[in-house]
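Fold and geometry: a report
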Amino acid sequence: MKQLLCGVLTTLACMTFAQEPGNLASNAGFEDLTEHGFATDWRGGEFGKPGENVTVDKTVAHSGTSSAKVGISPGSFVTCAGASIPVKPNTTYYVSWWCKTEGMKLARGYLFLQTNKGQRVFDDMNQVGTTDWTRHLGQYTTTEDETSLHPVLTTHDQGGPECFAWFDDVGVYEGSFPPELKTAWDAYLRNLSGISETAILLSKTPGLTVWADNLSARIYREDGLPDYAKPAQRVELAAARGEEEFFQLSIIPST
(Lines give C-alpha, C1' and ligand atoms only; values in the text may rest on other atoms or scores of the structure.)
Protein backbone atom coordinates (compact mmCIF):
# COMPACT_ATOMS: atom_id res chain seq x y z
CA MET A 1 0.00 0.00 0.00
CA LYS A 2 2.87 2.37 0.70
CA GLN A 3 4.03 2.27 -2.93
CA LEU A 4 0.61 3.41 -4.14
CA LEU A 5 1.29 6.81 -2.55
CA CYS A 6 4.29 7.45 -4.80
CA GLY A 7 2.09 9.24 -7.33
CA VAL A 8 1.63 9.08 -11.06
CA LEU A 9 5.10 10.30 -12.01
CA THR A 10 6.82 7.62 -9.96
CA THR A 11 4.53 4.94 -11.36
CA LEU A 12 5.28 6.00 -14.92
CA ALA A 13 9.00 6.02 -14.21
CA CYS A 14 8.78 2.50 -12.80
CA MET A 15 6.86 1.32 -15.85
CA THR A 16 9.44 2.81 -18.19
CA PHE A 17 12.24 1.16 -16.26
CA ALA A 18 10.49 -2.19 -16.43
CA GLN A 19 10.09 -1.89 -20.20
CA GLU A 20 13.66 -0.79 -20.82
CA PRO A 21 16.02 -2.59 -18.45
CA GLY A 22 19.33 -0.85 -17.83
CA ASN A 23 22.74 -2.32 -18.58
CA LEU A 24 24.19 -3.85 -15.40
CA ALA A 25 27.69 -4.25 -16.86
CA SER A 26 30.15 -1.59 -15.71
CA ASN A 27 32.22 0.30 -18.30
CA ALA A 28 30.55 -1.76 -21.03
CA GLY A 29 32.33 0.07 -23.86
CA PHE A 30 35.82 0.20 -22.28
CA GLU A 31 35.89 3.98 -22.54
CA ASP A 32 36.83 4.73 -18.91
CA LEU A 33 40.47 4.03 -18.13
CA THR A 34 42.53 3.75 -14.97
CA GLU A 35 45.68 5.79 -14.41
CA HIS A 36 47.58 2.80 -15.82
CA GLY A 37 45.63 2.90 -19.09
CA PHE A 38 43.49 -0.19 -18.53
CA ALA A 39 39.69 -0.37 -18.55
CA THR A 40 38.09 0.62 -15.25
CA ASP A 41 36.12 -2.20 -13.60
CA TRP A 42 37.83 -4.89 -15.70
CA ARG A 43 40.66 -7.15 -14.64
CA GLY A 44 42.80 -10.05 -15.82
CA GLY A 45 43.29 -12.84 -13.33
CA GLU A 46 44.94 -16.23 -13.60
CA PHE A 47 44.71 -16.33 -17.41
CA GLY A 48 44.85 -12.64 -18.31
CA LYS A 49 47.55 -10.02 -17.79
CA PRO A 50 46.40 -6.42 -18.31
CA GLY A 51 48.91 -4.47 -20.37
CA GLU A 52 50.33 -7.68 -21.88
CA ASN A 53 47.85 -10.11 -23.42
CA VAL A 54 44.81 -7.99 -22.47
CA THR A 55 44.83 -4.32 -23.47
CA VAL A 56 42.55 -1.43 -24.36
CA ASP A 57 42.74 -0.73 -28.10
CA LYS A 58 42.01 2.90 -29.01
CA THR A 59 42.30 2.22 -32.74
CA VAL A 60 39.57 -0.44 -32.99
CA ALA A 61 36.03 -0.06 -31.67
CA HIS A 62 32.51 -1.12 -32.48
CA SER A 63 31.21 2.09 -30.93
CA GLY A 64 32.92 4.92 -29.11
CA THR A 65 36.69 5.04 -29.31
CA SER A 66 37.94 1.91 -27.51
CA SER A 67 37.58 -1.84 -27.23
CA ALA A 68 39.16 -4.63 -25.20
CA LYS A 69 41.84 -6.48 -27.18
CA VAL A 70 42.48 -10.02 -25.98
CA GLY A 71 45.46 -12.00 -27.27
CA ILE A 72 46.23 -15.68 -26.80
CA SER A 73 48.38 -17.81 -24.53
CA PRO A 74 49.82 -20.79 -26.46
CA GLY A 75 47.69 -23.85 -25.81
CA SER A 76 45.74 -22.13 -23.05
CA PHE A 77 43.24 -19.41 -22.16
CA VAL A 78 43.35 -15.63 -21.77
CA THR A 79 40.60 -13.95 -19.76
CA CYS A 80 39.41 -10.45 -18.91
CA ALA A 81 36.73 -10.28 -16.23
CA GLY A 82 34.19 -7.53 -15.62
CA ALA A 83 33.03 -6.23 -12.27
CA SER A 84 30.79 -8.44 -10.15
CA ILE A 85 27.05 -7.86 -10.56
CA PRO A 86 24.63 -8.71 -7.72
CA VAL A 87 21.84 -10.91 -9.10
CA LYS A 88 18.61 -12.49 -7.91
CA PRO A 89 18.21 -16.27 -7.60
CA ASN A 90 15.97 -18.03 -10.14
CA THR A 91 15.98 -15.00 -12.42
CA THR A 92 16.76 -14.80 -16.14
CA TYR A 93 19.53 -12.45 -17.27
CA TYR A 94 20.16 -11.51 -20.88
CA VAL A 95 23.67 -10.91 -22.20
CA SER A 96 24.95 -9.20 -25.35
CA TRP A 97 28.38 -8.42 -26.71
CA TRP A 98 30.16 -7.55 -29.94
CA CYS A 99 33.29 -9.41 -31.03
CA LYS A 100 35.82 -9.03 -33.85
CA THR A 101 38.52 -11.63 -34.52
CA GLU A 102 41.71 -11.77 -36.54
CA GLY A 103 43.70 -14.86 -37.57
CA MET A 104 41.97 -17.32 -35.22
CA LYS A 105 42.69 -20.48 -37.20
CA LEU A 106 43.12 -22.70 -34.15
CA ALA A 107 41.65 -20.42 -31.52
CA ARG A 108 38.30 -18.99 -30.54
CA GLY A 109 36.96 -15.87 -28.88
CA TYR A 110 33.90 -15.97 -26.66
CA LEU A 111 32.28 -14.64 -23.50
CA PHE A 112 31.11 -16.63 -20.51
CA LEU A 113 29.50 -15.79 -17.18
CA GLN A 114 31.24 -16.49 -13.89
CA THR A 115 28.79 -16.76 -11.00
CA ASN A 116 29.51 -17.28 -7.34
CA LYS A 117 28.95 -20.99 -8.02
CA GLY A 118 30.75 -21.66 -11.29
CA GLN A 119 31.30 -20.94 -14.98
CA ARG A 120 28.26 -20.65 -17.26
CA VAL A 121 29.17 -20.99 -20.96
CA PHE A 122 26.81 -20.12 -23.81
CA ASP A 123 26.33 -22.72 -26.55
CA ASP A 124 27.49 -21.96 -30.10
CA MET A 125 28.85 -18.49 -29.33
CA ASN A 126 32.47 -19.06 -30.41
CA GLN A 127 33.97 -16.67 -32.94
CA VAL A 128 36.83 -17.93 -35.09
CA GLY A 129 38.88 -17.02 -38.15
CA THR A 130 39.03 -13.41 -39.28
CA THR A 131 35.60 -11.84 -38.87
CA ASP A 132 34.27 -8.33 -38.58
CA TRP A 133 32.21 -7.07 -35.67
CA THR A 134 29.53 -9.64 -34.84
CA ARG A 135 26.82 -9.33 -32.21
CA HIS A 136 26.18 -12.23 -29.85
CA LEU A 137 23.09 -12.64 -27.68
CA GLY A 138 22.40 -15.12 -24.90
CA GLN A 139 20.41 -15.74 -21.76
CA TYR A 140 21.04 -17.43 -18.43
CA THR A 141 18.71 -18.21 -15.52
CA THR A 142 20.39 -18.16 -12.13
CA THR A 143 20.02 -21.04 -9.71
CA GLU A 144 18.51 -20.63 -6.27
CA ASP A 145 21.94 -20.22 -4.67
CA GLU A 146 23.52 -17.82 -7.17
CA THR A 147 23.79 -14.24 -5.97
CA SER A 148 26.42 -12.68 -8.27
CA LEU A 149 27.83 -12.98 -11.76
CA HIS A 150 30.24 -11.17 -14.05
CA PRO A 151 31.06 -11.41 -17.78
CA VAL A 152 34.44 -12.82 -18.75
CA LEU A 153 36.01 -12.10 -22.16
CA THR A 154 37.97 -15.15 -23.27
CA THR A 155 40.25 -16.57 -25.93
CA HIS A 156 41.24 -20.22 -26.12
CA ASP A 157 44.23 -21.26 -28.23
CA GLN A 158 44.91 -24.78 -29.47
CA GLY A 159 48.35 -24.33 -30.95
CA GLY A 160 47.75 -21.83 -33.75
CA PRO A 161 49.57 -18.64 -34.80
CA GLU A 162 49.33 -15.35 -32.93
CA CYS A 163 45.83 -13.93 -33.15
CA PHE A 164 43.47 -11.53 -31.39
CA ALA A 165 39.85 -10.94 -30.43
CA TRP A 166 38.32 -7.54 -29.73
CA PHE A 167 35.25 -7.10 -27.53
CA ASP A 168 32.98 -4.09 -27.16
CA ASP A 169 29.54 -3.00 -25.93
CA VAL A 170 29.01 -5.75 -23.37
CA GLY A 171 25.51 -5.79 -21.89
CA VAL A 172 23.86 -7.65 -19.00
CA TYR A 173 20.13 -7.09 -18.45
CA GLU A 174 17.69 -8.44 -15.90
CA GLY A 175 14.41 -9.94 -17.08
CA SER A 176 14.56 -8.85 -20.71
CA PHE A 177 16.64 -7.20 -23.38
CA PRO A 178 15.89 -3.54 -24.09
CA PRO A 179 13.61 -3.10 -27.14
CA GLU A 180 16.34 -2.66 -29.75
CA LEU A 181 18.04 -5.90 -28.67
CA LYS A 182 14.83 -7.82 -28.01
CA THR A 183 13.88 -7.54 -31.68
CA ALA A 184 17.17 -9.19 -32.67
CA TRP A 185 16.82 -11.80 -29.89
CA ASP A 186 13.29 -12.76 -30.99
CA ALA A 187 14.52 -13.14 -34.57
CA TYR A 188 17.38 -15.34 -33.35
CA LEU A 189 14.95 -17.58 -31.43
CA ARG A 190 12.68 -17.89 -34.45
CA ASN A 191 15.64 -18.88 -36.61
CA LEU A 192 16.77 -21.37 -33.96
CA SER A 193 13.30 -22.94 -34.06
CA GLY A 194 13.43 -23.26 -37.83
CA ILE A 195 11.03 -20.39 -38.50
CA SER A 196 12.10 -18.66 -41.69
CA GLU A 197 11.59 -14.89 -41.80
CA THR A 198 10.54 -14.77 -45.45
CA ALA A 199 7.14 -13.10 -45.04
CA ILE A 200 6.63 -9.90 -47.03
CA LEU A 201 3.94 -7.25 -46.62
CA LEU A 202 2.45 -6.23 -49.96
CA SER A 203 -0.32 -3.87 -48.86
CA LYS A 204 -1.89 -2.68 -45.63
CA THR A 205 -4.89 -0.36 -45.44
CA PRO A 206 -7.57 0.12 -42.77
CA GLY A 207 -9.77 -2.31 -44.69
CA LEU A 208 -7.36 -4.93 -46.04
CA THR A 209 -3.94 -6.47 -45.40
CA VAL A 210 -2.21 -8.53 -48.08
CA TRP A 211 1.01 -10.40 -47.43
CA ALA A 212 2.86 -13.36 -48.89
CA ASP A 213 5.34 -16.07 -47.96
CA ASN A 214 7.01 -19.07 -49.54
CA LEU A 215 5.47 -22.53 -49.64
CA SER A 216 7.29 -23.85 -46.57
CA ALA A 217 5.79 -21.25 -44.22
CA ARG A 218 2.97 -22.39 -41.96
CA ILE A 219 0.20 -19.81 -42.14
CA TYR A 220 -2.66 -20.04 -39.66
CA ARG A 221 -5.77 -17.88 -39.67
CA GLU A 222 -5.43 -16.90 -36.00
CA ASP A 223 -1.79 -15.75 -36.30
CA GLY A 224 -2.33 -12.86 -38.66
CA LEU A 225 0.49 -10.82 -40.17
CA PRO A 226 3.91 -11.72 -38.68
CA ASP A 227 5.55 -8.76 -36.96
CA TYR A 228 8.79 -9.49 -38.84
CA ALA A 229 7.21 -9.22 -42.31
CA LYS A 230 9.21 -6.85 -44.51
CA PRO A 231 7.48 -4.35 -46.84
CA ALA A 232 7.67 -5.25 -50.54
CA GLN A 233 6.14 -3.95 -53.77
CA ARG A 234 5.58 -7.34 -55.38
CA VAL A 235 6.25 -11.06 -55.27
CA GLU A 236 9.02 -12.25 -57.58
CA LEU A 237 9.28 -15.89 -58.71
CA ALA A 238 11.88 -17.53 -60.93
CA ALA A 239 12.14 -21.10 -62.22
CA ALA A 240 14.02 -22.94 -64.94
CA ARG A 241 12.27 -24.95 -67.62
CA GLY A 242 10.43 -27.90 -66.12
CA GLU A 243 10.65 -26.50 -62.58
CA GLU A 244 7.84 -25.21 -60.41
CA GLU A 245 7.91 -22.38 -57.89
CA PHE A 246 5.13 -21.41 -55.49
CA PHE A 247 4.15 -18.77 -52.98
CA GLN A 248 1.30 -18.31 -50.54
CA LEU A 249 -0.87 -15.20 -50.55
CA SER A 250 -2.68 -14.21 -47.36
CA ILE A 251 -5.58 -11.76 -47.55
CA ILE A 252 -6.88 -10.36 -44.26
CA PRO A 253 -9.95 -8.09 -44.39
CA SER A 254 -10.85 -5.97 -41.38
CA THR A 255 -14.47 -7.15 -41.57
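Let me sum up the structure you'll find in this document. For every chain, the first residue of the written sequence is number 1, and numbering continues from 1 onward in sequence order. In keeping with the model being predicted, local features are shown solely for residues with a pLDDT of at least 70 and side-chain atom pairs are shown and tallied solely at 80 or more, while totals for entire chains, interfaces and linings include all residues. Computation of side-chain values covers all heavy atoms of the structure but excludes hydrogens and water.

Here we look at the sheet that holds strand 12 (residues 208-214)
With mixed pairing, the 4 strands of this open sheet are ordered in space as 13-11-12-14. With one partner strand each, in any of the chains shown, strand 13 (230-231) and strand 14 (247-253) form the two edges of the open sheet. Between any two strands, at least two bridges found by DSSP are needed for them to pair. Helix and strand definitions follow DSSP, with helices as H or I runs of at least four residues and strands as E runs of at least two, each counted in order from the N terminus. Alignment of strand 12 against strand 14, held across 7 bridges, turns out to be antiparallel. From the neighbouring strand, Val-210 faces strand 14, where its bridge partner is Ile-251.

Some words on the packing of aromatic side chains
Two rings belonging to Phe, Tyr or Trp (six-membered ring only in the last case) form a pair when the distance between their centres is within 6.5 Å. Interplanar angles under 30 degrees mark stacking, angles over 60 mark edge-to-face geometry, and anything in between is tilted. Applying the stated rule across the entire model yields 10 aromatic pairs. Each ring, one from Phe-47 and one from Phe-77, has its centre 6.0 Å from the other, and the planes form 65 degrees; the classification is edge-to-face. Of this pair, Phe-47 sits in the loop between strand 1 (42-43) and strand 2 (54-57) while Phe-77 sits in strand 4 (residues 77-82), placing them 30 residues apart in sequence. Only protein chains enter the accessibility calculation, which uses a 1.4 Å probe. A residue is then buried if its area is under 20% of the maximum for its type, exposed if over 50%, and partly exposed in between. Here Phe-77 falls in the partly exposed class, since its relative accessible area comes to 29%.

Considering the nonpolar core
Considering soluble globular proteins, one finds that nonpolar side chains tend to be buried as a cluster. Of all hydrophobic cores here, the largest spans 33 residues; its most connected members are Trp-42, Trp-97, Leu-111, Leu-153 and Val-170. If you list the elements that add at least two residues to this core, you get strand 2, strand 3 (67-70), strand 4, strand 6 (92-115), strand 9 (148-157) and strand 10 (164-174). Top element by residues in this core is strand 6. It accounts for 8 residues. Excluding anything up to four places from it in sequence, Trp-42 contacts Ser-26, Asn-27, Phe-30, Cys-80, Ala-81, Gly-82, Pro-151, Leu-153 and Val-170. Among the buried residues, those of types Ala, Val, Leu, Ile, Met, Phe, Trp, Tyr and Cys that are joined through side-chain atoms within 4.5 Å form a nonpolar core. If you look at the next biggest cluster of nonpolar residues, it comprises 6 residues, including Tyr-94, Tyr-173, Leu-181 and Trp-185. Residues are treated as being in contact if the distance between any of their heavy atoms lies within 4.5 Å.

Considerations on the environment of Asp-157
As for its placement among the helices and strands, Asp-157 is situated in strand 9. C-alpha separation for the pair Asp-157 and Thr-92, spaced 65 residues apart in sequence, amounts to 31 Å. The contact partners of Asp-157, leaving out residues within four places of it in the chain, are Ile-72, Ser-73, Pro-74, Gly-75, Ser-76, Leu-106 and Ala-107. As used in this structure description, the phrase polar contact means that two N or O atoms lie within 3.5 Å; if the pair is within protein, one of them must be able to donate a hydrogen and the other to accept it, and residues adjacent in sequence are counted only when both atoms belong to side chains. At 3.1 Å, the side chain of Asp-157 forms a polar contact with the backbone nitrogen of Gly-160.

Quick notes on the layout of surface pockets
A 1.4 Å probe that fits but cannot get out identifies a cavity on a 1 Å grid over protein atoms alone, an open set with protein on both sides within 12 Å along at least five of seven lines counts as a pocket, and a residue lines either if it has an atom within 4 Å of a point. Grid points are joined across faces, edges and corners, and a volume is the space filled by probe spheres set on the points. Considered as a void within the structure, the second largest pocket measures approximately 220 Å³ in volume. Forming the boundary of the second largest pocket are 16 residues, of which Phe-47, Thr-79, Phe-112, Gln-119 and Val-152 lie nearest the centre. Following the grouping adopted for this structure description, the nonpolar residues are Ala, Val, Leu, Ile, Met, Phe, Trp, Tyr, Cys and Pro, the charged ones are Asp, Glu, Lys and Arg, and the polar ones are all others, Gly among them. A per-class count over the lining of the second largest pocket returns 7 nonpolar, 7 polar and 2 charged.

Some words on the side chain of Ser-250
Relative to the elements of secondary structure, Ser-250 occurs in strand 14. Judged by its relative accessible area of 11%, Ser-250 is buried. Dropping the residues within four chain positions of it, Ser-250 is found in contact with Thr-209, Val-210, Trp-211 and Ile-219.

Describing the pattern of salt bridges
Put simply, a salt bridge is a Lys or Arg side-chain nitrogen that is within 4 Å of an Asp or Glu carboxyl oxygen. Applying the stated criterion across every chain yields a total of 5 salt bridges. Taking the shortest distance from any N to any O, the salt bridge between Lys-88 and Glu-174 comes out at 2.9 Å. Linking Lys-88 in the loop between strand 5 (85-86) and strand 6 with Glu-174 in strand 10, this pair joins segments that are 86 residues apart in sequence. Residue Asp-186 is joined to Lys-182 by a salt bridge in which the shortest nitrogen-to-oxygen separation is 2.9 Å.

Re the environment of Ala-239
In this fold, Ala-239 is placed in the loop between strand 13 and strand 14. Judged by relative accessible area, Ala-239 falls into the partly exposed class, the value being 48%. Linking Ala-239 and Lys-49, residues 190 residues apart in sequence, is a C-alpha distance of 58 Å.

A word on a nonpolar patch on the surface
A surface patch of nonpolar side chains, amounting to about 450 Å² of accessible area, comprises Leu-208, Leu-237, Phe-247, Leu-249 and Ile-251. At 3 residues, strand 14 tops the list of elements feeding residues into the nonpolar patch. Mapped onto the fold, Leu-237 is located in the loop between strand 13 and strand 14. Each patch is built from residues lacking any salt bridge and having more than 30% relative accessible area; the joining distance is 9 Å for like charges and 5 Å for nonpolar side chains (Val, Leu, Ile, Met, Phe, Trp, Tyr). Method for areas: the Shrake-Rupley scheme with a 1.4 Å probe, in which residue coverage is limited to the protein chains shown.

Notes on unusual backbone geometry
Non-glycine residue Asp-41 carries a positive phi angle of around 70 degrees. Of note, Asp-41 is situated in the loop between helix 1 (8-19) and strand 1. One non-glycine residue, Asp-124, adopts positive backbone phi at about 55 degrees. Topologically, Asp-124 is positioned in the loop between strand 7 (119-121) and strand 8 (127-141). Here Asp-124 falls in the exposed class, since its relative accessible area comes to 76%.

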